[in-house]
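Observations on the three-dimensional arrangement
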Amino acid sequence: MIGSALVRLATFNVLHGQQLPDDGRPPGPASDTAGVHPLVDAVVSLDADVVALQELDRFQERSGRVDQARAIAEATGAADWRYASAFHARSGPGRTWAPDRSEPGLRVYGPKDAGQDGEVPSHGIALLSRLPVLDWRARRFGAPPVAVPLPVSGRAGLTVIRDHPRVALAAVLQGRRGPFTAVALHLSFVPGWNLRQLLAVHRWIAGLPRPHVLLGDFNIPGAIPAAALGTAEFLAPSKPATPPPRATPPPQTAGLPARPGWRRLARVRTFPSHRPLVQLDHVLATRLGPHPSQPARAPRTPVSDHRPVVVELPL
């Protein structure tokens, strides 16, 4: 999309690149040994200028000890990218993790000139961009204090599961109309706790340049996230945005006023991928000018139990 008047954005919970059978049944033991290529091919097929990825592995044995974010960035031509660890741990059977106490919970990795390195296995999210990045921010959220019963693929009934820490990544990007802020999210599956995290992100980015675009797996269905953000903004209006020092002033857009309030830019079912019943993956924006009515897409890919969401916006 480089050179176009529109910017293509995507969000995708990739389930560490795991391939699933067409009928959605639990995968066999070989599904984690196919290498990084199916995951890379799935993200490349989206052809997004900005892409938020959730449930990425970094140097995990189950995914071939690959830095998945780096492999995807190189294949997609993302000039700048960051991966943020929700936690450093080694994956075990049955959704278990063996934490590595030698590493802090949050560490941000990126290209070689980003200043972070190390090969301790971790799990987290990434934000990749073909557009120039003016500033990066990261924030970690602690694990909820309660466990909740959830359906688990391959198990009868409900299984009580304790959630792990979560993380958010924000980038101030130089768009074709000026700077804007994109945020990659993966929120808790604990009801109420995920809304609390969402509202904390809203406050966290209040002073960054608008438009604001949130991309991720919110673990909150349908219209609820946009409604919650709209209520928060009505009760406590955001602070005026302060452009970063290197930001280029946006061109004049007379007749195209930015719209207040949060807009739900994708209304597509994304989970489970083989037969989507609910939308858990969202693209929300505020202070966005009028944009063409191209429908959002949620294409099926060979990897993950989520479908990606792809939108095009004038940014």
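All values reported here derive from a predicted model rather than from experimental measurement.

Let's talk about the side chain of Ser129
Among the structural elements, Ser129 can be located in strand 6 (residues 122–129). Here Ser129 falls in the buried class, since its relative accessible area comes to 1%. Among residues more than four places away in sequence, those in contact with Ser129 are Asp49, Val50, Ala78, Ala79, Asp80 and Leu173.

Focus: the nonpolar core
Core analysis: the largest hydrophobic core is formed by 34 residues, its most contacted members being Leu9, Val50, Leu127, Val213, Val311 and Leu315. Excluding residues within four positions of it along the chain, Val50 makes contact with Val7, Arg8, Leu9, Ala10, Leu127, Leu128, Ser129, Leu131, Leu173 and Ala182. Core analysis: the second largest hydrophobic core is formed by 24 residues, Ala42, Ala78, Trp81 and Leu128 among them.

Let's talk about the packing of helix 1 (residues 37–44) against helix 2 (residues 68–76)
Remark: helix 1 packs on helix 2, axes separated minimally by 9 Å, with the N-to-C direction vectors making an angle of 45 degrees. In terms of orientation, helix 1 lies oblique with respect to helix 2. Relative to helix 2, the crossing made by helix 1 is right-handed. Seen from helix 1, the contacting residues are Leu39, Val40, Val43 and Val44; seen from helix 2, they are Gln68, Ala71, Ile72, Ala75 and Thr76.

Here's the deal with the packing of helix 3 (residues 193–204) against helix 4 (residues 224–235)
Interhelical geometry of helix 3 versus helix 4 gives an angle of 50 degrees and a closest axis separation of 10 Å. Our classification of the angle between helix 3 and helix 4 gives oblique. Crossing of helix 3 against helix 4: the hand is right-handed. Across the interface between the two elements, Leu195, Leu198, Leu199 and His202 from helix 3 touch Ile224, Pro225, Ala228, Leu229, Ala232 and Glu233 from helix 4. By residue class, the composition of the contact of helix 3 with helix 4 is 8 nonpolar, 1 polar and 1 charged.

Concerning the confidence of the model for the chain
Across the chain, the average pLDDT comes to 88, with 85% of residues at or above 70. Note that residues 250–255 has pLDDT below 50 and, in this model, 6 contacts with residues that lie over four places away or in other chains.

Quick look at the pairing of strand 6
When you tally the buried positions in strand 6, you get 8 out of 8 residues, the bulk of the element. Where strand 2 (residues 50–58) meets strand 6, 7 bridges bridge the pair, whose relative direction is antiparallel. Of the residues in strand 6, the one forming a bridge with Asp57 is His123.

Examining the pattern of salt bridges
Inspection of the entire model under this criterion finds 13 salt bridges. Across the salt bridge formed by Asp49 and Arg130, the nearest N and O atoms sit 3.5 Å from each other. Of the two residues, Asp49 is situated in the loop between helix 1 and strand 2 and Arg130 in the loop between strand 6 and strand 7 (133–141); the sequence distance between them amounts to 81 residues. Given a relative accessible area of 1%, Asp49 falls into the buried group.

Focus on the packing of aromatic side chains
Inspection of every chain in the model, using the stated rule, returns 2 aromatic pairs. With centroids separated by 6.1 Å and ring planes inclined at 35 degrees, the aromatic side chains of Tyr83 and Tyr109 adopt a geometry described as tilted. A residue pair is termed long-range when its members are at least 10 positions apart, and Tyr83 in strand 3 (residues 80–92) and Tyr109 in strand 5 (residues 108–109) qualify at 26 residues. Tyr109 matches Tyr83 in its accessibility class, with the two residues each being buried. Where Phe87 meets Trp97, the ring centres are 4.9 Å apart and the plane angle is 80 degrees; that geometry is what we call edge-to-face. Taken as a pair, Phe87 in strand 3 and Trp97 in strand 4 (residues 96–99) lie far apart in primary sequence, 10 residues in all. The exposure class assigned to Phe87 is buried, which follows from its relative accessible area of 8%. Residue class for Trp97 comes out partly exposed when judged on its relative accessible area of 27%. If you follow Arg58 out to its NZ or CZ, it ends over the ring of Tyr109, 3.6 Å from the centre.

Conventions we followed
- Residues numbered from 1 in each chain as written.
- Predicted model: local features only at pLDDT ≥ 70, side-chain atom pairs only at ≥ 80, totals over all residues.
- Heavy atoms only, no water.
- Helix = DSSP H or I, 4+ residues; strand = E, 2+ residues; numbered from the N terminus.
- Buried < 20%, exposed > 50% of the residue type's maximum accessible area, 1.4 Å probe, protein only.
- Contact = heavy atoms within 4.5 Å.
- Core = buried A, V, L, I, M, F, W, Y, C linked by side-chain atoms within 4.5 Å.
- Axes fitted to C-alpha atoms, helices over the stretch in contact; angles between N-to-C directions.
- Parallel < 35°, antiparallel > 145°, perpendicular 65-115°, else oblique.
- Left-handed = near helix turned anticlockwise from the far one by under 90°.
- Nonpolar A, V, L, I, M, F, W, Y, C, P; charged D, E, K, R; others polar.
- pLDDT = per-residue confidence, 0-100.
- Pairing = 2+ DSSP bridges.
- Salt bridge = Lys/Arg side-chain N within 4 Å of Asp/Glu carboxyl O.
- Phe/Tyr/Trp six-rings, centres within 6.5 Å; stacked < 30°, edge-to-face > 60°.
- Lys NZ or Arg CZ within 6 Å of the ring centre and 35° of its normal.

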